[in-house]
Amino acid sequence: MCACRCGINVHLRADANGAPKVRYIEGNRNHPVNKGVLCAKGSAGIMQHYAPSRLPAPLKRVGPRGSGEFEEISWDEALETAVSWLKPIRETDPKKLAFFTGRDQSQSFTGWWAQQYGTPNYAAHGGFCSVNMAAAGIYTMGGAFWEFGSPDWERTKMFMIFGVAEDHDSNPIKMGLGKLKARGAKVVAVNPVRTGYNAIADEWVGITPGTDGLFILALVHELLRAGRIDLDYLMRYTNAAHLVVQNPGGADHGLIARDDDGAPLVWDRQEARARPASEISTQAAMKGEVTLPDGRQAVPSFELLARKYLYPRYAPDAVAEETGVPADTIRRLAAELARTAFDEAITIEQPWTDMRGERHETMIGRPVSFHAMRGISAHSNGFQTCRALHLLQILLGSVECPGGFRFKPPYPKPVSAHPTPHTETHPNAPLPGPHLGYPRGPEDLRIDADGQPERIDKAFSWEAPLSVHGLMHMVISNAVAGDPYEIDTLFLYMANMAWNSSMNTRGTMEMLSATHADGSYKIPHIIYSDAYSSEMVAYADLILPDTTYLERHDCISLLDRPISEPDAVADAIRWPVVEPDRDVRGFQSALLDLGARLGLPGFVTEDGAAAYADYADYIVRHQRKPGVGPLAGWRGDGSENGRGDPNPDQLQRYIENGGFWESEIPEEARFYKMANAAYQDWAVGMGFFDAPQPVTFELYNETLRKFQLAAEGHGDRQPPDNLKDQIGQSFDPLPTWYAPFEGAGVELADYPLHAITQRPAAMYHSWGSQNAWLRQIHGQNPLYVPGEVMESAGLTDGGWAWVISHHGKIKVPVRRTDAANGKTMWTWNAIGKRKGAWALSPGAPEATKGFLLNHLISELLPPKGDGLRWANSDPVTGQAAWYDLRVRIEPAEAGPPEPQIEAQESPVGTAEGDVAFGEEWT
């Protein structure tokens, strides 16, 4: 349904034939995520479950790709067909399989499958969603927003929200905002568009897209200028005092000074000598150049930080025009943040001991908190913008304290607790480690001896060194171009890459059906699994039909995307409340069967039999390491939590408890988790770590500096000449800002406007458009155009317009808005549909009045004249830069929308008349 994963109770009633049918869905009041609250998506789940677009059986393509022409086949034939494609390439060259999953919540399982198969080409959808947020958070402080943590809703007095979609984490945010409004806390929303959460904020900052980082660093400038930062917090919990080597031109310039054991050094002001940072805290120097024992010069990283952000470039008056935020507003918001954090501080009378062994009698809170997601992440400068936001809240001392941003277990996790990526392939052998990880420096890049990428998406290459979630949006384009190599089989799950999940939608559709001169497809085989007849289904050769969410087992695991809260660790399950009435299987169960047929290690026993009966069996019996499995609750004899042997009754215990398990964090361990000895010991006992993993927040990031040094000509691994300047600019060890790449690559006079999408609260990507109830809320999507743009372009409210980018041109209906940044147009995401998809009728408004902005966005930047393919992505992580789009707008004659894509055949037919539910019981 969506990634919020709210608890529900499903009511059943027998139909006329005595078969159980879903009658009503309500929120589970005991569930830790939503406490019984449901949004439109949750309440309309019945129509998701009974949607006419559900796939009926395995399908084999019989017409050209894209036609939607299929015939039904048996599961045996489907799985044996998959084996006939996958087995030969595993025996010869496993990297010829590219296995990428969409917004599923079983990535610890699908990643393990791909690792056992032996392909390096696996990732989920994070590369085109919010990897910048995740990666910047992990590299800065061991976690980020949403699944990693949340505001302290009970104590926060000032809350700033940046670019948050209304369909993600929606119920917890709505509940939290309700608490803030009830207490009179101030809510400030920073977003180019004033919808949803932004509409109910006390103050809306209508920022220009792509300039959030500049705005944030102007706030930092003001805080530093006024001396309103938490120095005690910085000295204790960050690397602000760590000494940075000053040796211009040298291979160590900008690296952290360390002792012989590799421990970072600080300067003891009292003893006037360098000491390991773990030995002292508040007596460490925060400024001044010192001489190290080996004669080198060094300064505390905080001095470099202060020099950078006190520079006039970041003054409010210098950034006001670019950001669209008046200088006085920036100064006032900085003063409000400081006043709330320091003049309205919170004290909790709770003793605790830090990892240095120092005892504290109280917990000090800074009641300022932040939340952000894809709006600031999906830019080519998004990684550094996200780093800037984390820097801001750390300078205020408002991370992991009462009233501030709080981590959810098992976070925070330092980079050192994460693996590095692996790509070493051998025939008939698993990868030696996980595909995805966190590089510590150029030595961890996944490139060959010639410097070429080892992954099809070019993740962990010089083009995207810290692409910790992969680059799913580049897989199809790279595979068709044979850059860096060709593949044999593309295997996708729950990823509508032939429509709204791809940039350059028409181009992607053409790539999926592209052929060689002899007529053979450039991607020889495409396997796809989905529950519904989506646009991507039409381009697959083999369909493995998935169940709906009410017909399956699922595991919301601590190994994957947990549902914990700041005061408690939690995980959950789904279990089937009704049996499928079609020949479909849960994808994870089908993948287990496929793994067994391929004989993958871990999927078969010593005698070659299937190791697991289905996904439910896997959830209970699989162990990632001794005592640690997919679920943490009721292990062993049922009395053990976190660690323990598999318990055959585990799923039943979850069902009896409402589908979830929750265990509270001890009182003394609930704050300052990154440095709290009680929390670290508790985390080890739970199985999160095998030894304590305290986190030192990295205001100055040495990993980024290592890549800069490589670009400056140091080390055994150096980037190609064409990427050196890009890496030098974007890998600044202190958060920085640079103009988004698309805007820098076009004539702004030709494309003076921004165009972005917003997520409607009642839809989750494309899946809501076959839901008869939700379609009544969002069945079509106009382009909302600021009033001044409407007038200057000669547009009519309710009329039509051409929107033109460097890549494409679309015709769309337009409506006037006065609730948007004056240079920014917007529309709802993923409402437009291809005719023939989703079992929609030929005249459905989604296909005749809806449209996609994706047609204007290329996966590649405008050509630079060097003959190279430059990805439209963040150069640090590879994050797809959806929101960098620059356009112009012109009047057009009346519709329909363009481009018009030819209809696909529907393997499930078309729903006739109105789709209704409930009349059978009236």
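Everything that follows concerns the structure shown earlier in this document.
Visitor: Would you mind going over the sheet that holds strand S11 (residues 243-246) with me for this structure?
Guide: As summarised here, the arrangement of the three strands in space is S11-S15-S14, forming an open sheet in which the pairing is antiparallel. Looking at which strands have only one partner, the edges of the open sheet turn out to be S11 and strand S14 (290-291). Looking at chain direction, S11 and strand S15 (residues 297-300) are connected through four bridges and run antiparallel. What sits directly across from glutamine 246, in S15, is glutamine 297.

Visitor: Would you mind showing me how to read the nonpolar core here?
Guide: General note: in soluble globular proteins, nonpolar side chains tend to be found buried as a group. Ranked by internal contacts, the top residues of the largest apolar core, which has 106 residues, are Phe162, Phe215, Phe302 and Phe370. Residue contributions to this core peak at nine residues, all from helix H8 (residues 212-226). Formed by 89 residues, the second largest nonpolar core is a distinct cluster that contains Trp153, Ala611, Ala683 and Phe688.

Visitor: Would you explain the side chain of glutamine 650 in this entry?
Guide: Note on placement: glutamine 650 falls in helix H19 (residues 650-656). Classification of glutamine 650 by relative accessible area gives buried; the value is 1%. Of the polar contacts made by the side chain of glutamine 650, one reaches the backbone oxygen of glycine 633; its length is 2.7 Å. Excluding residues within four positions of it along the chain, glutamine 650 makes contact with Ile619, Val620, Leu631, Gly633, Trp634 and Arg635.

Visitor: Can you walk me through the environment of glycine 822 in this structure?
Guide: Structurally, glycine 822 is set in the loop between strand S31 (809-817) and strand S32 (824-828). Given a relative accessible area of 25%, glycine 822 falls into the partly exposed group. Note: C-alpha distance between glycine 822 and histidine 754 (68 residues apart in sequence) is 9.5 Å. Among all residues touching glycine 822, those that are not within four sequence positions of it are Pro786, Glu788 and Val789.

Visitor: What should I look at first to understand the sheet that holds strand S8 (residues 158-162) in this one?
Guide: The four strands lie next to each other as S10-S9-S8-S20, forming an open sheet whose pairing is parallel. Strands at the two margins of the open sheet, each flanked by one partner only, are strand S10 (203-205) and strand S20 (368-372). Across the sheet, the mean angle separating the axes of adjacent strands is 15 degrees when strand polarity is ignored. Across five bridges, S8 lies against strand S9 (residues 186-190) in parallel orientation. Following the sheet pairing, isoleucine 161 is matched in S9 by alanine 189.

Visitor: Where do I start with the pairing of strand S13 (residues 273-276) in this structure?
Guide: The two faces of a sheet get side chains in turn, since along a regular strand they alternate between them. Sheet analysis places strand S12 (residues 265-268) next to S13, joined by four bridges and oriented antiparallel. From the neighbouring strand, valine 266 faces S13, where its bridge partner is arginine 275.

Visitor: Help me understand the packing of helix H11 (residues 316-323) against helix H12 (residues 327-343) in this model?
Guide: With their axes 8 Å apart at the nearest point, H11 and H12 run at an angle of 115 degrees to one another. Handedness of the H11/H12 crossing: right-handed. Taking contact as the criterion, the partners of Pro316, Asp317, Val319 and Ala320 in H11 are, on H12, Ala327, Ile330 and Arg331. Classifying every residue of the contact of H11 with H12 by side-chain character gives five nonpolar, no polar and two charged.

Visitor: What am I meant to see in unusual backbone geometry here?
Guide: Generally, phi is negative for residues other than glycine and the peptide bonds are trans, each holding for most cases. Here glycine 895 and proline 896 are connected by a cis peptide whose omega angle stands at 15 degrees. In this structure, proline 896 sits in the segment after strand S33 (886-892). Going from glutamate 898 to proline 899, the amide bond is cis rather than trans, its omega being 5 degrees. As for its placement among the helices and strands, proline 899 is situated in the segment after S33. For tryptophan 146, which is not glycine, the phi dihedral falls at a positive 60 degrees. Topologically, tryptophan 146 is positioned in the loop between helix H5 (131-141) and strand S7 (149-151). Among the residues examined, tryptophan 146 registers a relative accessible area of 7% and is labelled buried. Its identity is not glycine, yet tryptophan 838 carries a phi of approximately 60 degrees, on the positive side. If you trace the backbone, tryptophan 838 turns up in the loop between S32 and helix H25 (845-848).

Visitor: It is not clear to me how the packing of aromatic side chains should be interpreted in this structure. Could you clarify?
Guide: Each aromatic ring pair is characterised by the separation of its centres together with the angle its planes make. Within this structure, the stated rule accounts for 34 aromatic pairs. Measuring from ring centre to ring centre gives 5.3 Å for phenylalanine 109 and tyrosine 615, while their planes differ by 50 degrees; the resulting arrangement is tilted. One end of the pair, phenylalanine 109, is in helix H4 (residues 107-117); the other, tyrosine 615, is in helix H18 (residues 615-621), and 506 residues separate them in sequence. Comparing phenylalanine 109 with tyrosine 615 shows no difference in burial state: the two are buried. Aromatic pair tyrosine 139 and tyrosine 438: ring centres 5.5 Å apart, planes at 55 degrees, arrangement tilted.

Visitor: Is there a simple way to explain the packing of H4 against helix H17 (residues 587-598) in this structure?
Guide: Packed helices, taken two at a time, are described by their axes: the angle between them and the distance between them. The interhelical angle for the contact between H4 and H17, taken along N-to-C directions, is 15 degrees, at an axis separation of 11 Å. When the axis of H4 is compared with that of H17, the two are roughly parallel. As H4 runs across H17, the sense of the crossing is left-handed. Between H4 and H17, the residues in contact are Phe109, Thr110, Trp113 and Tyr117 and Phe587, Gln588, Leu591, Leu592, Leu594, Gly595 and Leu598, respectively. In the contact of H4 with H17, the residues fall into eight nonpolar, three polar and no charged.

Visitor: Which parts of the structure should I look at to understand the pattern of salt bridges?
Guide: When charged atoms on two side chains of opposite charge get close, those side chains can pair. Applying the stated criterion across every chain yields a total of 68 salt bridges. The shortest N-O distance in the salt bridge between arginine 236 and aspartate 232 comes to 2.9 Å. On the criterion of helical spacing, the pair formed by arginine 236 and aspartate 232 is a turn pair, its members being four residues apart in helix H9 (residues 231-237). Of the residues examined, aspartate 232 reaches a relative accessible area of 37% and is grouped as partly exposed. A salt bridge links aspartate 818 to arginine 816, with the nearest nitrogen and oxygen atoms 3.4 Å apart. What makes aspartate 818 exposed here is its relative accessible area of 60%. A relative accessible area of 37% places arginine 816 in the partly exposed class. A single salt-bridge network, built from bridges that share partners, covers Asp76, Glu80, Arg585, Asp593 and Arg597.

Visitor: I would appreciate a short explanation of the side chain of serine 106 in the present structure.
Guide: Take serine 106: it is sitting in the loop between strand S5 (97-101) and H4. Judged by its relative accessible area of 2%, serine 106 falls in the buried class. Beyond its immediate stretch of four places on either side in the chain, serine 106 contacts Asp560, Gln588 and Tyr615.

Visitor: Whenever I open this one, the environment of alanine 98 confuses me. Can you help?
Guide: Relative to the assigned elements, alanine 98 resides in strand S5. Residue classification places alanine 98 among the buried residues on the basis of a relative accessible area of 0%. Placed 25 residues apart in sequence, alanine 98 and alanine 123 show a C-alpha to C-alpha distance of 9.0 Å. If we ignore the near neighbours within four places in the chain, the residues touching alanine 98 are Asn121, Ile456, Val475, Ile487, Thr489, Leu490 and Phe491.

Visitor: Can you help me understand the pairing of strand S30 (residues 800-804) in this one?
Guide: Within S30, five of the five residues are buried, which leaves it mostly tucked inside the rest of the structure. Residue alternation in S30 divides its side chains into two sets, Trp800, Trp802 and Ile804 and Ala801 and Val803, and both sets are buried. Taken together, the five bridges between S30 and S31 define a ladder with antiparallel strand orientation. By the bridge assignment for S31, tryptophan 802 is matched with lysine 811. Looking at chain direction, S30 and S33 are connected through five bridges and run antiparallel. Bridge pairing in S33 links alanine 801 to proline 891.

What counts and what doesn't
- Residues numbered from 1 in each chain as written.
- Predicted model: local features only at pLDDT ≥ 70, side-chain atom pairs only at ≥ 80, totals over all residues.
- Heavy atoms only, no water.
- Pairing = 2+ DSSP bridges.
- Helix = DSSP H or I, 4+ residues; strand = E, 2+ residues; numbered from the N terminus.
- Core = buried A, V, L, I, M, F, W, Y, C linked by side-chain atoms within 4.5 Å.
- Buried < 20%, exposed > 50% of the residue type's maximum accessible area, 1.4 Å probe, protein only.
- Polar contact = N/O pair within 3.5 Å; in protein donor to acceptor, adjacent residues only side chain to side chain.
- Contact = heavy atoms within 4.5 Å.
- Axes fitted to C-alpha atoms, helices over the stretch in contact; angles between N-to-C directions.
- Left-handed = near helix turned anticlockwise from the far one by under 90°.
- Nonpolar A, V, L, I, M, F, W, Y, C, P; charged D, E, K, R; others polar.
- Phe/Tyr/Trp six-rings, centres within 6.5 Å; stacked < 30°, edge-to-face > 60°.
- Parallel < 35°, antiparallel > 145°, perpendicular 65-115°, else oblique.
- Salt bridge = Lys/Arg side-chain N within 4 Å of Asp/Glu carboxyl O.

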